[in-house]
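A structural walkthrough
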Amino acid sequence: MGRTVITITQQLTETEGMLSPFRRTLRRGDQYIFDGLFAAARRHIAAIGQAESLLPFETALLAMLLEQAKEIAVLQQELEQLRTKCE
Amino acid sequence: MNEQTGWLLDVYADPEGGIVLWLLTKADQRLRLHMKFPATFYAAGEFGLLRQAWIYLKDKDVKLERATRRDLFLGEREVMAITLPHPSLLPILFADLSRQFPSLDYYDADIPLSLRFIAQTGAHLLGKCRVFLDDGTIQAIQPLDSHWEVEPAPISLRILTLSPDVNPAIHRPAFLHVQYNQKKYKLSLEPTRAFLISLKADLQRFDPDLILTDYGDTWLFPQLETWAKECGIEFNPNRDESKEVLKRRADSYFAYGQVVYRGAQAHLFGRWHIDRKNAMSWGEYGLEGAMEQARVTGLGVQEMARKSPGAGITAMQMLTALRNGIMVPVQKQQVEGTKTLIELIRADHGGLIYQPLIGVHGPVAQIDFSSMYPAIMVKHNISPETVGRVAEGVPTPVGQEDAPEGLIPKTLRPLVEKRLALKNLLLELDPRDCRAEVLKARAAALKWLLVVCFGYLGYKNARFGKIESHEAVTAVSRELMLQAKEVAEDLGFTVLHMYVDCLFVQQEGYERPADFTPLMEAIVTKTGIPIALEGVFKWVAFLSSKQDKRVPVPNQYFGAFLDGTLKVRGIELRRRDTTTWVRKIQLVVLNILSQANSPEELTDYLPTALAYIESKKRDLRAGRVPLEELIVRQKLSRVLDGYKSPSPAARAALQLQAIGREIAPGQSIEFLFTRDGVHAWELDERLDSRRLDITRYFSLLDRAMQTVLDSFASTDTLPRLL
């Protein structure tokens, strides 16, 4: 199709590349978590694309937050279940 | 005046004037008929230039007229109509005129003759018709069927099959396998003279309508010509002996993101020649498919067997234009309209591709929109001339549904309907019915035309393409997918994945196909586009990226339907560059796993799968794997000089070049991995299996197995509050 606008996948890769000095300076353990943030954003590429934003990385940050919130919700549920079991 | 009824096999320009038609009559005769057939093309532009062109042409054997004709985008246009008495003269005159007057716009100048013929007479290739003759010349033609007929009367073709004993690119063939009906025999190629005489006699005796060959384009027909010259024997494989074999040179071109190599071609007149090794989709739909495409596109069977479906869809658009009084421009005129940055960001999107929830899920239903993009073009009247004209305030302009039906929907509507009718017919048939295979091939051939029609809306060289119409289709498709997702979620389903035109949904307690009927009905009601249940998976695995296990990949999955049938996409098994050895093992492993009735049961089958993999590794180590199964196939993406560090395929190609083989970009190169690099498969010297790089093959296998087995490691979960 010869797209003019670069894809969200490409934009995320470019941003990640731009932040590579930042990532490099992080401790090894933090680097893994940092990569996880981008992995979280990549789970929502379709939604970020649909947002049609001039600055898609803003939406990507929201996607990272969403994944964190989801993880918290899952953990809370598990905690509830364990608590119920203990009681 | 007498008349004949039969099927139209071939149409081409007669160098003596007019056109030649070959009719296969009901009495099994093959008639060469002649018909007068003037051909017209048009020139338009600035008045002064047109006048000069008129002066240039007035003393030539042409009829010149001033006319008003319709341009799809510009509307009615004053044009100079140039009519030639013989269509064979048109390409020469047009080339001359366009050289003299390059700034004029030209129309209808490069339309294949068969399309002109179909538009003018209503008869079509492979169609049944009645011709009225006077002194051997056709005075009138009456079509007796339509190319949209779902079950046309079968044509009884005489087929002669010729194939050499070995691939001539690798070894020198010793004989030809010949087959005609039930008769099979070998013809020795030596001595050449005797071979030629025998083959010539066979051609005269059988008088085939179709010569089906292996390597006919690239080896047999060029060789026959050389041998005939050397032996001083007249040998013309055409049924029309006034013509010579039409030869086209080999070429490499860039399409759909890859370099494609197309071998030389040899076309016949009065009968067809198809080289199975040089026919684009022979493996997928064979002769029946090529004939179906010829029937609906109006291009000859020999053309359609070798050309991409894109050429077919272009021909269909030309035919629609001709039938509706629209001129066909020689060059594309529509460029992309101006857009603001935000408009561009909104418009320049493809289909909706979700990131699936990683892991194994089940039971899961896959629901597909049937021919989604063509259906959207037809339903929403999306065509280059209907899109974007009045779309004020609409971010991505879509087709105007109240406008007259556009050229593209008009072209596609009968195609979509015919494919649906064929598929419905197939559903009613017992799978063992002998008609099933033919119907499947025809449906597949039509599917490919529908698949490419969308791409051609945005293709830079398409005559009737315009990027905005291309964008409109994807914009509507994304909206429909979101509507489908919302409908599914409203009914309590979890949408595991969405990929352009299909959804994977799951809900506890929904296990049988009938459980999903209410959902499907709701989606059809909401979107207005037909959908079909591809099937219900007992389990399906969505994979993660090999680089980061936390990132899902949208186009790689595999699973087993309720009846145990596997569906596999994007993994090694489906890739052309995977060795047969790895592919077979991956398939067996998946078949072992397909016995599991749920994701939970999968682990029960793992020990059997792992034992099988180990046994296959032992076979390789012991030299028990045929070398053929270890061949790696890779395409050359560039000329050999263009590699900075040659890929394994390029290194194998260099070995072949060293023994005098000609290598072109796009060609597929076969090789084996050896301890010292690669060994090109086509080298005369056979590789000693002890030189194989076993470690490399093990790592290829391990990688393929990792794809399957890693998917069971973890599965994404969603919080229950959803």
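Sequence positions are assigned chain by chain, starting from 1 and proceeding in written order. Going through the entries in the order they are written, you letter the chains from A and number the ligands from 1. Side-chain atom pairs in this predicted model are given and counted only at pLDDT of 80 or more, local residue features only at pLDDT of at least 70, and totals for whole chains, interfaces and linings cover all residues.

Remarks on the overall build of chain A
Operational definition: The way it works is that DSSP assigns letters per residue, a run of H or I at least four long becomes a helix, a run of E at least two long becomes a strand, and they are numbered from the N terminus. As defined in this context, the radius of gyration uses C-alpha atoms, and a globule is described by 2.2 Å times the residue total to the power 0.38. Residue burial is a threshold on neighbouring C-beta atoms within 10 Å of the residue's own C-beta, all placed from the backbone, with 20 or more meaning buried, 12 or fewer meaning exposed, and counts in between meaning partly exposed. The contact criterion used is a C-beta to C-beta distance within 7 Å, with each C-beta placed from the backbone.
In terms of helices and strands, chain A carries five helices and zero strands. Secondary structure elements of chain A occur, N-terminal to C-terminal, as α-α-α-α-α. Since a compact globule built from 87 residues should have a radius of gyration of about 12 Å, the 17 Å found for chain A marks it as more spread out than a globular shape. When each of the 87 residues of chain A is scored for burial, the buried share is 15%. A sequence separation of at least 24 residues applies to 47% of the contacts in chain A between residues at least 6 apart.

Some remarks on the overall build of chain B
Secondary structure summary: chain B contains 18 helices and 28 strands in total. Over its C-alpha trace chain B gives a radius of gyration of 29 Å, about what one expects of a compact globule, namely 27 Å for 722 residues. Seen along its three principal axes, the alpha-carbon backbone of chain B occupies a region of about 85 × 75 × 55 Å. Long-range pairs, those at least 24 residues apart, make up 64% of the contacts in chain B with a sequence separation of at least 6.

Looking at the domain arrangement of chain B
Residue and element names in this part refer to chain B. Rules: Where each domain starts and ends comes from a domain assignment, either automatic or drawn from a database. Residues were grouped as follows: Ala, Val, Leu, Ile, Met, Phe, Trp, Tyr, Cys and Pro as nonpolar; Asp, Glu, Lys and Arg as charged; and all remaining residues, including Gly, as polar.
The assigned domain composition of chain B is domain 1 (2-143), domain 2 (345-400 + 464-568) and domain 3 (571-722). Spacing between the C-alpha centres of domain 2 and domain 3 amounts to 31 Å. Facing the 17 residues of domain 2 at the interface are 18 residues of domain 3. Among the elements of the structure, β19 (359-361), β23 (531-544), β24 (552-561) and β25 (566-569) are those that each provide at least two residues to the side of domain 2 that touches domain 3. Considering every element that reaches the side of domain 2 that touches domain 3, the biggest residue donor is β23, with four residues. Here the side of domain 2 that touches domain 3 is built from residues that sort into 10 nonpolar, six polar and one charged.

A few points about the sheet that holds strand β5 (residues 63-71) of chain B
All names here are of chain B. Let me state the cut-off plainly: Pairing between two strands is assigned when DSSP locates at least 2 bridges connecting them. Simply put, an axis is a line fit to the C-alpha atoms, just over the touching stretch for a helix, and the angle between two N-to-C directions goes from 0 to 180 degrees.
The strand order across the open sheet formed by four strands is β5-β6-β4-β7, and the pairing between neighbours is antiparallel. Of all strands in the sheet, those with a lone pairing partner are β5 and β7 (105-107), marking the two edges. Pairs of neighbouring strands in the sheet enclose a mean axial angle of 35 degrees, with direction left out of account. Bridge count for strand β4 (residues 39-44) against strand β6 (residues 75-84) is five bridges, and the pairing is antiparallel. By the bridge assignment, A39 is partnered in β6 with L84. Of the strands in this sheet, β4, β6 and β7 touch helix α2 (residues 90-100), which is tilted by about 10 degrees from β4.

Considering unusual backbone geometry
Across the junction of B:E190 and B:P191, the peptide omega takes the value -10 degrees, indicating a cis bond. Position of B:P191 relative to the elements: it lies in the loop between β12 (183-188) and α4 (192-206). Of note in this structure, A:E52 is not a glycine but carries a positive phi near 50 degrees. Here A:E52 lies in the loop between α4 (45-50) and α5 (56-86).

Regarding the interface of chain B and chain A
Taken residue by residue, the interface counts 20 residues in chain B and 19 residues in chain A. Among the elements that take part in the side of chain B that touches chain A, helix α9 (residues 341-347) of chain B stands out by supplying four residues, more than any other.

Some details on α4(B)
Applicable threshold: What a helix should span is 1.5 Å times the count of its residues minus one.
In this model α4(B) runs 21 Å from its N-terminal to its C-terminal C-alpha over 15 residues, within 8% of the 21 Å that 1.5 Å per residue would give. Count one or two residues on from α4(B) and you reach B:D207, which has phi positive near 45 degrees.

A look at the pairing of β4(B)
Residues and elements named next belong to chain B. With respect to burial, β4 is a largely interior element, five of its six residues being buried. Bridge count for β4 against β7 is three bridges, and the pairing is antiparallel. Bridging across to β7, Y42 finds its partner in Y107.

Looking at the confidence of the model for chain B
Residue and element names in this part refer to chain B. How we decide: pLDDT gives the predictor's per-residue confidence on a scale running from 0 to 100.
Mean pLDDT over chain B: 89, with 95% of residues reaching 70 or higher. When the criterion is pLDDT under 50, residues 389-395 qualifies, and its contacts beyond four places in sequence or with other chains add up to four contacts. Among the prediction metrics, the complex's ipTM stands at 0.81, with pTM recorded as 0.84.

Remarks on the environment of B:L31
Residues and elements named next belong to chain B. Here L31 is to be found in strand β3 (residues 30-35). Residues L31 and E241, 210 residues apart in the sequence, show an inter-C-alpha distance of 13 Å. For L31, the contacting residues outside a window of four places in its chain are Q4, W22, L23 and T25.

Some thoughts on the environment of B:R77
All names here are of chain B. Summarising the element assignment, R77 is placed in strand β6. On the basis of neighbour counts, which here come to 16 C-beta atoms within 10 Å, the residue R77 falls in the partly exposed class. Counting along the chain gives 32 residues from R77 to G45, while the straight-line C-alpha distance between them is 9.2 Å. Beyond its immediate chain neighbours, meaning those up to four positions away, R77 contacts A44, T68, R69 and D71.

Here's the deal with the nonpolar core
If you look at soluble globular proteins, the nonpolar side chains tend to sit buried side by side. Condition: Joining buried Ala, Val, Leu, Ile, Met, Phe, Trp, Tyr and Cys residues through C-beta atoms within 7 Å gives a set, and that set is a nonpolar core.
Among the nonpolar cores identified, the biggest contains 176 residues, and B:L8, B:I376, B:V473, B:V505 and B:F671 are the most heavily contacted of them. Not counting the four nearest positions on each side in its chain, B:I376 is found in contact with B:I382, B:V473, B:V476, B:S477 and B:I529. By size, the runner-up hydrophobic cluster in this structure holds eight residues, among which are A:I8, A:A40, A:I48 and A:A60.

Quick word on the environment of B:E46
All names here are of chain B. Its place among the elements puts E46 in the loop between β4 and α1 (47-57). On the basis of neighbour count, E46 is assigned to the exposed category, with 10 C-beta atoms found within 10 Å. Along the sequence, E46 and K339 sit 293 residues apart, while their C-alpha atoms lie 30 Å from each other.

A few points about the pairing of strand β27 (residues 668-674) of chain B
Residue and element names in this part refer to chain B. Across four bridges, strand β26 (residues 632-635) lies against β27 in antiparallel orientation. Each residue of the ladder has a partner; that of V632, found in β27, is F671. Note: β27 against strand β28 (residues 677-680), four bridges, orientation antiparallel. Looking across to β28, one finds that L672 is bridged to H679. Turn length for the β27-β28 hairpin, with the two strands adjacent in sequence and antiparallel, is two residues.

Some points on the packing of helix α13 (residues 467-490) of chain B against helix α14 (residues 517-527) of chain B
All names here are of chain B. Where we set the bar: Any angle that is under 35 degrees is reported as roughly parallel, and any over 145 degrees as roughly antiparallel; angles of 65 to 115 degrees are reported as roughly perpendicular and all others as oblique. In a left-handed crossing the near helix is turned counterclockwise from the far helix by less than a right angle, and in a right-handed crossing that turn is clockwise.
It is at 9 Å that the axes of α13 and α14 come closest, and there the two elements cross at 140 degrees. Put simply, α13 runs oblique to α14. Crossing geometry of α13 relative to α14 is assigned as right-handed. Along the contact surface, α13 presents L480, Q483, A484, V487 and A488, while α14 presents L519, A522, I523, K526 and T527.

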